[in-house]
Amino acid sequence: MAPNENLSLKELTLKTTILLALTSSARAHELAALHLDYVSQKENGWEFVIPKHVKNSRPNHPARKIYLPSLLENQKICAIESLKQYVNRTARIRKDQHLLVSYTSPHSAIGSHTVSRWIRTVLSTASIDAH
């Protein structure tokens, strides 16, 4: 699925989601909670802070952080390169600052079940049994 510029919005969304899942080892509900207001772009990657309480949050502990490193050696599978293209491409259709939005109209923020379905779709396309 490369180059990112030539992918449809659906393909780019699926690619970005699977790369997020693989590089962060975050759960689906954590990926659905990623928010553009809580990201800092570092020299070698991006760091998201999950601001809301999620399933594995502990009381009186700092918010969970998800760091996504750049993979400069292979731009085709770099989560950051995919994220940059995805954020740019969805800027006009995004209704709020949630990172992942539906690739079909009305392009609203998605939930954990959708993230799980997207991951299973990519794995199935790659002939990997996800069940």
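All values derive from a computational prediction rather than experimental measurement. (Residues numbered from 1 in each chain as written. Predicted model: local features only at pLDDT ≥ 70, side-chain atom pairs only at ≥ 80, totals over all residues. Heavy atoms only, no water.)

Q: Could you clarify how one ought to interpret helix α3 (residues 79-90) in this entry?
A: Compared with the 16 Å implied by 1.5 Å per residue over twelve residues, the 16 Å span of α3 between its first and last C-alpha is a close match. Those residues of α3 hidden inside the fold are in contact with α1 (9-24), β2 (45-49) and β3 (65-69). (Helix = DSSP H or I, 4+ residues; strand = E, 2+ residues; numbered from the N terminus. Expected span 1.5 Å × (residues − 1). Contact = heavy atoms within 4.5 Å.)

Q: Looking at this structure, I do not really get the pattern of salt bridges. What am I missing?
A: A side chain with one charge can pair with a side chain of the opposite charge if their charged atoms come near. Per the counting criterion, the structure on display carries three salt bridges. Across the salt bridge formed by Lys-84 and Glu-81, the nearest N and O atoms sit 3.6 Å from each other. Of the two residues, Lys-84 and Glu-81 are both situated in helix α3; the distance of three residues between them amounts to about one turn of the helix. Under the relative-accessibility criterion, Glu-81 is labelled partly exposed at 25%. (Salt bridge = Lys/Arg side-chain N within 4 Å of Asp/Glu carboxyl O. Buried < 20%, exposed > 50% of the residue type's maximum accessible area, 1.4 Å probe, protein only.)

Q: What am I meant to see in unusual backbone geometry here?
A: The bulk of non-glycine residues show a negative phi, and the bulk of peptide bonds are trans. The omega torsion of the bond from Ser-105 to Pro-106 falls at 15°, within 30 degrees of zero and hence cis. Summarising the element assignment, Pro-106 is placed in the loop between α3 and α4 (112-125). For Ser-25, which is not glycine, the phi torsion reads 50° and is therefore positive. A residue is classified by how much of its surface remains accessible, and Ser-25, at 62% relative accessible area, is exposed.

Q: Would you take a moment to explain the side chain of Ser-102 for this structure?
A: Mapped onto the fold, Ser-102 is located in the loop between α3 and α4. Side-chain polar atoms of Ser-102 contact the side chain of Thr-104, separated by 3.1 Å. With residues near it in sequence (within four places) discarded, Ser-102 still touches His-107, Ser-108, Ile-110 and Trp-118. (Polar contact = N/O pair within 3.5 Å; in protein donor to acceptor, adjacent residues only side chain to side chain.)

Q: Explain the side chain of Thr-17 here, please?
A: Structurally, Thr-17 can be placed in helix α1. If we skip the residues at most four places from it in the chain, Thr-17 touches Leu-31, Leu-100, Val-115, Trp-118 and Ile-119.

Q: Mind showing me how you'd approach α4 here?
A: An α-helix turns once per 3.6 residues; consequently, residues spaced three or four apart project the same way. Here α4 is 14 residues long and its end C-alpha atoms lie 20 Å apart, about the 20 Å a rise of 1.5 Å per residue gives. The set of residues buried in α4 consists of Thr-114, Val-115, Trp-118, Ile-119 and Val-122. For α4, the angular spread of the buried residues around the axis is 140°, confining them to a single face. Phi for Ser-127, located one or two positions after α4, is positive at around 60°. (Arc of directions from axis to C-beta.)

Worth remembering: the numbers are spatial, not functional.
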